Amino acid sequence: QVQLVESGGGLVQPGGSLRLSCAASGSILSINFRGWYRQAPGKERELVAGIISGGSTNYADSVKGRFTISRDNAKNTCYLQMNSLKPEDTAVYYCNANIRNARYSSHDYWGQGTQVTVSS
């Protein structure tokens, strides 16, 4: 019933920028956590950036100072602004959200994934 739809991926040159978006729709009472994960060839999926309901954020060391996570609560949309992109940022990026659907019920949901390729 809940759906996360990602957009904004693509091919960009080193040093360039991209902004990913993740829109949530469906049965949503509140969102406890939103995050962006990525998985590169030969590597495990890793948490890139996360934001909790109060607004506190966390970032992987590899992206600190370059990536920024934000959200628009009214639109149930989360963003990942990626600047100064490097070839090692190339991966499939996945949106994640922990969503409360009822008084005592919360579940994790995932977006479909979007490819980000950094290459000249």
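Here the structure is shown first, and the text comes after it.
Sequence order sets the numbering: in each chain, residues are counted from 1 along the sequence as written. Given that this is a predicted model, residues contribute local features only at a pLDDT of at least 70 and side-chain atom pairs are listed and counted only at 80 or more, while totals for whole chains, interfaces and linings are drawn from all residues. Hydrogen atoms and water are omitted, and side-chain values are computed over all heavy atoms in the structure.

1. Structural notes on the nonpolar core
Then, number 1: Residues belong to a common nonpolar core when they are buried Ala, Val, Leu, Ile, Met, Phe, Trp, Tyr or Cys residues joined through side-chain atoms within 4.5 Å. Residue exposure (1.4 Å probe, protein chains only): buried if accessible area is under 20% of the type maximum, exposed if over 50%, otherwise partly exposed. In terms of nonpolar packing, the biggest core is built from 30 residues, with W36, F67, L80, M82 and Y93 touching the most fellow members.
Then, number 2: Broken down by secondary-structure element, the contributors of at least two residues to this core are β3 (18–25), β4 (30–39), β5 (46–52), β7 (67–72), β8 (77–82), β9 (91–102) and β11 (114–118).
Then, number 3: A total of five residues in this core trace back to one element, the largest contributor, which is β9. Under the DSSP-based scheme used, a helix requires at least four consecutive residues in state H or I and a strand at least two consecutive residues in state E, with every element numbered from the N terminus.

2. Re the sheet that holds β8
Two strands in a sheet stick together by hydrogen bonds in their backbones, pointing the same way (parallel) or opposite ways (antiparallel).
Then, number 1: DSSP bridges decide pairing: two strands pair if at least two such bridges lie between them. If you trace the four strands from one edge of the open sheet to the other, you get β1-β3-β8-β7, paired in antiparallel fashion. Taken across any chain shown, the strands that pair with only one partner, and hence form the sheet edges, are β1 (3–7) and β7. Between one strand axis and the next, the sheet turns by 15° as a mean value, whatever way the strands run.
Then, number 2: As defined by bridge partners, β3 adjoins β8 across six bridges and the pair is classed as antiparallel. Along β8, the bridge assignment pairs R19 with Q81. A fitted line through C-alpha atoms serves as each axis, taken over the contacting stretch for helices, and the angle formed by two N-to-C directions is quoted from 0 to 180°.

3. Brief notes about the packing of aromatic side chains
Then, number 1: Between the rings of Phe, Tyr and Trp (Trp by its six-membered ring), a pair exists once the centres lie within 6.5 Å; its type follows the angle of the planes, with under 30 degrees stacked, over 60 edge-to-face, and the other angles tilted. Within the structure shown, the criterion is met by one aromatic pair.
Then, number 2: A ring is considered to have a charge above it if a Lys NZ or an Arg CZ atom is located within 6 Å of its centre and within 35 degrees of its normal. The ring of Y94 carries R45 above its face, with NZ or CZ at 3.9 Å from the centroid.
Then, number 3: Over the ring of W110 we find R45; its NZ or CZ atom is 5.0 Å from the centre of that ring.

4. Section: the side chain of D89
Then, number 1: Looking at the secondary structure, you find D89 in the loop between β8 and β9.
Then, number 2: Residue contacts follow a heavy-atom distance rule, with two residues in contact if any of their heavy atoms lie within 4.5 Å. Sequence-distant contacts of D89, defined by excluding residues within four places in its chain, comprise R38, R66, F67, S84, V116 and V118.

5. Re the environment of T114
Then, number 1: With respect to the element layout, T114 can be found in strand β11.
Then, number 2: The class for T114 is buried, based on a relative accessible area of 12%.
Then, number 3: Separated by 98 residues in the primary sequence, T114 and G16 place their C-alpha atoms 17 Å from one another.
Then, number 4: Each residue touching T114, except ones within four places of it in the same chain, is listed here: E6, G9, L20, A91, V92 and Y93.
Then, number 5: Any N or O atom pair separated by 3.5 Å or less is treated as a polar contact, with the protein-specific requirement of one donor-capable and one acceptor-capable atom, and with residues adjacent in sequence counted only for side-chain atom pairs. Among the polar contacts listed, one links the side chain of T114 to the backbone nitrogen of G9, at a separation of 3.4 Å.

6. A look at the state of the cysteines
Then, number 1: In this description, the term disulfide denotes a pair of cysteine sulfurs within 2.5 Å. Inspection of the entire model under this criterion finds one disulfide.
Then, number 2: Between the sulfur atoms of C22 and its disulfide mate C95 the distance is 2.0 Å. Its S-S torsion of approximately -85° makes the covalent link between C22 and C95 left-handed. Note that C22 is positioned in strand β3 and C95 in strand β9, a separation of 73 residues in sequence. Residues C22 and C95 agree in their burial class; the two are buried.
Then, number 3: Unpaired in this structure, C78 has its nearest cysteine sulfur neighbour in C95, at a distance of 5.7 Å.
Then, number 4: Given a relative accessible area of 0%, C78 falls into the buried group.

Keep in mind these numbers describe shape, not what the thing actually does.
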